[in-house]
Amino acid sequence: MKIHFFRRLAWLSSVLLWALVVAQGNQAFRVFVQRLVAISLVRLVWVAPAQLTLQNQFWVLAAGFGLVFIGILIVWVGLPQATFAHLLTLPVSKLRTVVFSIALVLSGIRIAQQVVSAPLGDFLWSALAVSLAFLFFPLMISLYRGQGRAAGLSLTLGLLLGFLIDILWRAAFWTLDLNWQPGTVATLIAASMALVQIVVAWLWYRTAAIYRHRPLHPLSLGQLWLAVFLMQNLTHHLGLFQMSVGWTMRSSLQWLAGANILSVIAVLWLQYRYPRRYPLWLRMSDVLLASSFLILPWGRGMWFACAILAVQIGLALHINLVLKRMDEIETPVHLSNLQGAFVYMLLFNLYVLFGGATWLMLLPAGLLLWVTWKDGLWHFPNPIEKTTPYVRLPAVSLLGFLLVAFLVTFWLGWQPTQAFVPTDLPTQVRIMYLNVHQGMDSSGEVALAHVAELVQTHKVDVLALNEASREWPNGGYDVPLWLAHRLGWQFIYGPDVGDLSGNAILSRYPLRLVDATRNSRWPFSPGGFLTGAIETANGLLYITTMHLDWGVSAAMDMRRVASVETYLKTHTDLLPRMVIGGDFNTESPLPRQVLRDAGFQNAWGTQLPAYTWYSNSVQRTLDFVFASPNLTVSRRQVLSVDVSDHLPLMVDIVP
């Protein structure tokens, strides 16, 4: 009876410990990416002279990303894998102590990252946390595999529950207006999570003594890396989901959390109903994945939402099979653990380099299906009843946890939003133009709360943004969605620098999308226009924000001129009542002359602002606002505040 109780407790504690480390790893991963971008692009980007041609700028950036890739490969793949190979030679009792110690260190990092926070400190803490998580996972798998028992299900549930905890954590921070950066409430929550992780790790350590067999090296985890990459950047990507579906932030979070819950239920149901029919599991998984990825590139609205749900369930089934076969099925391995880790890092760098391009998700999905076919798992016979789980699955406990998760998701979705929708049509509209710099200020700190305070303090009616990131790559913040949620406003979005960074317009008045033009799909060659319309007392007012190519060469100026000319020629019916502005990315008068030739007036007249962009001691005037001659600019102001590397431009327009 005592042995049975300890096995049940060991099973539950291992699932929870695995889930907590997965959740912390995902959170540390997002912080690491944001700090990496802040340090490399914010502080070091001007090592590459702006006078370089676009081709040379590309090679400078490619070299930078190559160095980042090598560094990440060493820290996240090389060191953890080498350490893992050494630790696997230890006796199982010492290996349990190592796993317990890693869990304690991760708990300490969670607290330290909140208490002692600085850009470089966050970068180092998060890099260490991810590296330790990448060491923790294969060690746990090896311990379980060495027992000759069917441990794959517990590890699968731990992984899925970890992603569920992560999405609920993010939902709480979004809905309750918290922040992963230092703050009293955030620190208390982080300390509570760390304490829970310590208690669970201690329970696991005390009960894991029943595992006495020598640990075995898991060779077949290459597919797991691909599945985790897809979960991180597709089925749990709030920005991509909301951009494709168009729902509110809360509805989007509820759907993603619900997809997690349903995937856990699907795995449990198949485990109870068909515990040994692995080819059936795999065929269901591959059919769901293949059909969903035929829909994702063009699907919008409910089609995209259902495809994401199907992908999440398909990945859950696939992960369970991969983790179960490691100790039950002897099959060829065409993507080893080390190869999978290398592919994961390569995909991560491509994801950042190409601006979160949606089509990139087809690469890991196709590779996952190809490896499954090469391994021949579809035709592998069902395994015989030679292994059994440690204990009978505590279905009541798991279903209770899922019920609590569902209730938390439902509650978060019903939290009230402070929204004010004016009933009277405006006679004057205050517009703020801002290159929001992916939501970061000049030092790389996330500054969205300061942007929202600035809008409220100055009673802005419309906020027009450039470089409005959709969780790429700024620590998991969807810039337009976050600001719209905080302000209670509507917003529209158009891709520009990659799929997940572009232009956005937010408005306290009812807003409709008129046009979103993207001149180039190359992520480091921006050229996008976004136009929205609001109803005023004197008719429709069209508001356009644009982000032109970067670089100061003559060829780049010609590209900017061509972009503005093309946009004006294709929207002649809107010009009489249009305000157009944004980041011109040049001090050259040529793009501005195109607007003047079309009849537009510079909101600042001939007296331009002293500067609108700054980096260290360099200052330039790159941002401008123009208005149709039928409109009156009654006020203009440049706000000297550090909410971006650009200064906000504010104009009052009388339609």
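Residues numbered from 1 in each chain as written. Predicted model: local features only at pLDDT ≥ 70, side-chain atom pairs only at ≥ 80, totals over all residues. Heavy atoms only, no water.

Visitor: So what about the overall build of the chain? Which residues, and what values?
Guide: If you tally the helices and strands in the chain, you get 18 helices and 14 strands. Within the chain, buried positions represent 60% of all 655 residues. Contacts in the chain between residues at least 24 apart in sequence constitute 79% of all its contacts with a sequence separation of at least 6. On the chain, roughly 25200 Å² of surface is accessible, and the fraction owed to carbon and sulfur atoms is 66%. (Helix = DSSP H or I, 4+ residues; strand = E, 2+ residues; numbered from the N terminus. Buried < 20%, exposed > 50% of the residue type's maximum accessible area, 1.4 Å probe, protein only. Contact = heavy atoms within 4.5 Å. Areas by Shrake-Rupley, 256 points an atom, 1.4 Å probe, with all protein chains shown as cover.)

Visitor: Got a sec to walk through the sheet that holds strand β14 (residues 649-654)? Specific residues and values, please.
Guide: On the basis of which strands lie adjacent, the open sheet formed by six strands has the order β3-β4-β2-β1-β14-β13 and mixed pairing. Only two strands of the sheet have a single neighbouring strand rather than two, namely β3 (490-496) and β13 (632-638). In this sheet, adjacent strand axes meet at a mean angle of 20° when their direction is disregarded. Bridge count for strand β2 (residues 462-469) against strand β4 (residues 498-507) is six bridges, and the pairing is antiparallel. The residue of β4 that forms the bridge with A464 is I505. The sheet contacts of helix α16 (residues 479-487) involve β2, β3 and β4, and relative to β2 the element is tilted by about 145°. (Pairing = 2+ DSSP bridges. Axes fitted to C-alpha atoms, helices over the stretch in contact; angles between N-to-C directions.)

Visitor: Mind laying out the pattern of salt bridges, listing which residues take part and the relevant values?
Guide: Tallied over the entire structure, the rule returns five salt bridges. Note that R430 is salt-bridged to D652, the shortest N-O span being 2.7 Å. Separated by 222 residues along the polypeptide, R430 in strand β1 (residues 429-435) and D652 in strand β14 bring together distant segments of the chain. Of the two residues, R430 and D652, both sit in the buried class. R559 is the partner of D549 in a salt bridge, and the nearest nitrogen-oxygen pair spans 3.3 Å. You can see D549 sitting in the loop between β7 (539-547) and α17 (554-569) and its partner R559 sitting in helix α17, a full 10 residues away along the chain. Judged by its relative accessible area of 34%, R559 is partly exposed. (Salt bridge = Lys/Arg side-chain N within 4 Å of Asp/Glu carboxyl O.)

Visitor: Describe unusual backbone geometry, and please don't skip the residues or the numbers.
Guide: Look at H437: it is not a glycine, yet its phi comes out positive at around 60°. Checked against the element boundaries, H437 lands in the loop between β1 and α15 (448-457). Judged by its relative accessible area of 11%, H437 is buried. Phi angles above zero are rare outside glycine, and K459 is one such case at about 55°. With respect to the element layout, K459 can be found in the loop between α15 and β2.

Visitor: Lay out helix α18 (residues 590-597) with the relevant residues and their values.
Guide: If you check which residues of α18 are buried, you get P591, R592, V594 and L595. Burial along α18 is one-sided: seen end-on, the buried residues are contained in an arc of 150°. The positive-phi residue at the C-terminal boundary of α18 is G599, with phi of around 100°. (Arc of directions from axis to C-beta.)

Visitor: An account of the environment of K459 is needed here, citing residue identities and associated values.
Guide: We classify K459 as exposed; its relative accessible area is 60%. Considered as a pair, K459 and R430 are 29 residues apart in the sequence and their alpha carbons are 7.7 Å apart. Beyond its immediate chain neighbours, meaning those up to four positions away, K459 contacts R430 and R508.

Visitor: Could you give me a rundown of empty space enclosed by the protein, with the residues and numbers involved?
Guide: Scanning the model with the defined rule gives six cavities of 30 Å³ or more in all. When its volume is computed, the second largest cavity comes out at roughly 310 Å³. Taken together, 21 residues make up the lining of the second largest cavity; nearest its centre are F134, F137, L159, W225 and V228. If you list the elements that add at least two residues to the lining of the second largest cavity, you get α1 (2-44), α4 (119-145), α5 (152-175), α7 (222-235) and α12 (337-353). (1 Å grid on protein atoms, 1.4 Å probe; cavity = no way out; pocket = protein on both sides within 12 Å on 5 of 7 lines; lining within 4 Å. Points joined across faces, edges and corners; volume = space filled by probe spheres on them.)

Visitor: Pulling in residues and values, what's your account of the packing of aromatic side chains?
Guide: Following the criterion strictly, the structure yields 19 aromatic pairs and no others. In this structure an aromatic cluster arises from ring pairing among F29, F134, W225, F229, Y344, F348 and Y351. R470 extends its terminal NZ or CZ atom over the ring of Y493, reaching a point 4.7 Å from the ring centre. (Phe/Tyr/Trp six-rings, centres within 6.5 Å; stacked < 30°, edge-to-face > 60°. Lys NZ or Arg CZ within 6 Å of the ring centre and 35° of its normal.)

Visitor: Could you give an account of the nonpolar core, naming the residues involved and the relevant values?
Guide: Of all hydrophobic cores here, the largest spans 150 residues; its most connected members are L465 and L483. With 15 residues, the single largest contributor to this core is α4. Those residues within four positions of L483 in sequence are excluded, and the remaining contacts are L448, V451, A452, L463, L465 and L506. Of all hydrophobic cores here, the second largest spans 23 residues; its members include Y433, L511, V633 and L649. (Core = buried A, V, L, I, M, F, W, Y, C linked by side-chain atoms within 4.5 Å.)

Visitor: Which residues make up the sheet that holds strand β12 (residues 623-627), and what are the values?
Guide: Here we have six strands laid out as an open sheet, ordered β5-β6-β7-β8-β12-β9, and mixed in their pairing. Edge positions in the sheet fall to β5 (512-518) and β9 (601-602), since each of these pairs with one other strand and no more. Two strands pair when backbone bridges link them, and β5 and strand β6 (residues 528-536) are joined in this way by six bridges, in the antiparallel orientation. Bridging across to β6, R512 finds its partner in A533. Most of the contacts of α18 go to β12, to which it runs at about 5°, and overall it touches β7, β8 (578-583) and β12.

Visitor: Can you explain the side chain of S252? Please cite residues and give values.
Guide: With respect to the helices and strands, S252 occurs in helix α9 (residues 249-273). When sequence neighbours within four positions are dropped, the list of residues in contact with S252 reads L238, F241, Q242 and W247.

Visitor: A description of the packing of helix α10 (residues 278-295) against helix α13 (residues 362-375) should follow, citing residues and the corresponding values.
Guide: At a minimum axis distance of 11 Å, the contact between α10 and α13 shows a crossing angle of 150°. Here α10 is positioned roughly antiparallel relative to α13, judged by the angle of their axes. Read as a crossing pair, α10 and α13 show a hand that is left-handed. For the pair α10 and α13, contact is made by L282, D286, L289, A290 and F293 and by L362, A365, L368, L369 and T372, respectively. (Parallel < 35°, antiparallel > 145°, perpendicular 65-115°, else oblique. Left-handed = near helix turned anticlockwise from the far one by under 90°.)

Visitor: Talk me through the packing of α15 against α16; I want residue IDs and the actual numbers.
Guide: At their nearest, the axes of α15 and α16 sit 10 Å apart, and the two run at 45° to each other. In terms of orientation, α15 and α16 fall into the oblique class. The chirality of how α15 crosses α16 is right-handed. Between α15 and α16, the residues in contact are L448, A449, V451, A452, V455 and Q456 and V479, W482, L483, R486 and L487, respectively. Split by residue class, the contact of α15 with α16 holds nine nonpolar, one polar and one charged. (Nonpolar A, V, L, I, M, F, W, Y, C, P; charged D, E, K, R; others polar.)

The values reported here are purely geometric and, on their own, carry no functional implication.
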